[in-house]
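A look at the structure
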Amino acid sequence: MSPQVILVTGASSGFGALTARALADAGHTVYASMRETAGRNAPQVAAAADYADSHGVDLRTVELDVGSDASVRAGIAEIVAANGRLDVIVHNAGHMSFGPAEAFTPEQYSQLFDVNVLSTQRVNRAALPILRNQGKGLVVWVSSSSTRGGTPPFLAPYFAAKAAMDSLAVSYASELTRWGIETSIIVPGAFTKGTNHFAHAGKPADAAVAAAYMDGPYAGVADAALGGLAALEPADADAGEVARAIARVVDTPFGRRPFRVHIDPSRDGAEIVNGVADRVRAEMFRRIGLEDLLSPVVR
């Protein structure tokens, strides 16, 4: 695989930062995007530069706020101006929330869907015209086993947003193959260590409703859910394996990349359910005479 020019969204920490480093280690030109590069994320920018220097890799950062159309367009324009192309998009930006579903306001749901779902549409609308004109590319979506696996309570807003993003990824996949653009959906399980996903989870704004659940018949459920997830996770579970899986997908030859890759040490069942759903999708395409949309074409 020749070096690719890659954009990783939400790469200030967690899966995003790990993925940007793994891809750079694999020899690619990688842009770890984040907002406030001159502000609160300045230490992350410095850390990326230090990593690039110490490891001799091409890891760069770019100012890109996935919540802003203007910022997304500017960030992608900067990448293309510097390299003349963009080969791979990694949709990683996202945020988690934890608490009773009823206690989150509609505005909170809207904000969570914005960062987990609408952000991908902003990036696609800015980046896909470039990939379509090139006649070749790859879009990687970082989904979640929660979309079809076991779903513990008190994570409803995040689960709903990730399910919406996964559905969008599936629909996009068949609409990009004739442009020569591949899709791969990465499905991590519930890694409770190695990222700040759970530590930085949002809380419900309606404290009174949250208290009614936490102090009423659902007292102790929050601790049981989080403790249960942590207990399911093997001691040697490594969040870095998600990043390495993405790097392996990128380095797989065009036309042979997997549609889905599950990295779920806890084995919550998502791989089984997704396997059925993806087979049903493929069968439907065959029945309606659009089987060719399941595989990318060389343009």
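See the structure above.
Note that this is a predicted model, so its numbers are computed, not measured.

Time to look at the nonpolar core. Residues Leu23, Leu59, Val90, Ile186 and Ile246 are the most contacted members of the largest nonpolar core, which totals 34 residues. Listing elements by their share of this core, those giving two or more residues are strand S1 (5–8), helix H1 (14–25), strand S2 (29–34), helix H2 (42–55), strand S4 (88–91), strand S5 (137–142), helix H8 (240–251) and strand S7 (260–263). Here the element with the most residues in this core is H8; it accounts for seven residues. Beyond its immediate sequence surroundings of up to four residues, Val90 is in contact with Ile6, Leu7, Val8, Thr9, Leu23, Val140, Val142 and Ile246. Grouped together as the second largest cluster of nonpolar side chains are 29 residues, Val72, Ala126, Leu131 and Val139 included.

With that out of the way, let us pick up the sheet that holds S4. Read across the open sheet, the seven strands follow the order S3-S2-S1-S4-S5-S6-S7; overall the sheet is parallel. Bordering the open sheet on either side are strand S3 (59–63) and S7, each of which pairs with just one other strand. Here the strands of the sheet are splayed against their neighbours by 20° on average, with no regard to which way each runs. Here S1 runs beside S2; their pairing, made up of four bridges, is parallel. Bridge pairing in S2 places Val5 opposite Thr29. Relative to S3, helix H3 (residues 69–83) is tilted by about 145°, and along the sheet it contacts S1, S2 and S3.

Despite not being glycine, Glu36 shows a phi value in the positive range, around 55°. With respect to the secondary-structure elements, Glu36 resides in the loop between S2 and H2. You will see that Arg267, though not glycine, has its phi angle at about 50°, which is positive. Its location among the elements puts Arg267 in the loop between S7 and helix H9 (270–287). In this structure Arg267 comes out as exposed when scored by relative accessible area, which is 74%.

Here we take up the packing of helix H4 (residues 106–134) against helix H5 (residues 156–176). Between two packed helices, the angle of one axis relative to the other and the distance separating the axes together describe the packing. Where H4 meets H5, the closest approach of the two axes is 8 Å, and the angle between their N-to-C directions is 20°. As the angle between them shows, H4 and H5 are arranged roughly parallel. Here H4 and H5 pass one another in a crossing that is right-handed. Residues Tyr109, Leu112, Phe113, Asn116, Val117, Thr120, Gln121, Asn124 and Leu128 of H4 lie in contact with H5, whose contacting residues are Ala156, Pro157, Tyr158, Ala160, Ala161, Lys162, Ala164, Met165, Leu168, Tyr172 and Leu176. Its residues assigned to classes, the contact of H4 with H5 comprises 15 nonpolar, four polar and one charged.

The rules behind each value
Residues numbered from 1 in each chain as written. Predicted model: local features only at pLDDT ≥ 70, side-chain atom pairs only at ≥ 80, totals over all residues. Heavy atoms only, no water. Core = buried A, V, L, I, M, F, W, Y, C linked by side-chain atoms within 4.5 Å. Buried < 20%, exposed > 50% of the residue type's maximum accessible area, 1.4 Å probe, protein only. Helix = DSSP H or I, 4+ residues; strand = E, 2+ residues; numbered from the N terminus. Contact = heavy atoms within 4.5 Å. Pairing = 2+ DSSP bridges. Axes fitted to C-alpha atoms, helices over the stretch in contact; angles between N-to-C directions. Parallel < 35°, antiparallel > 145°, perpendicular 65-115°, else oblique. Left-handed = near helix turned anticlockwise from the far one by under 90°. Nonpolar A, V, L, I, M, F, W, Y, C, P; charged D, E, K, R; others polar.

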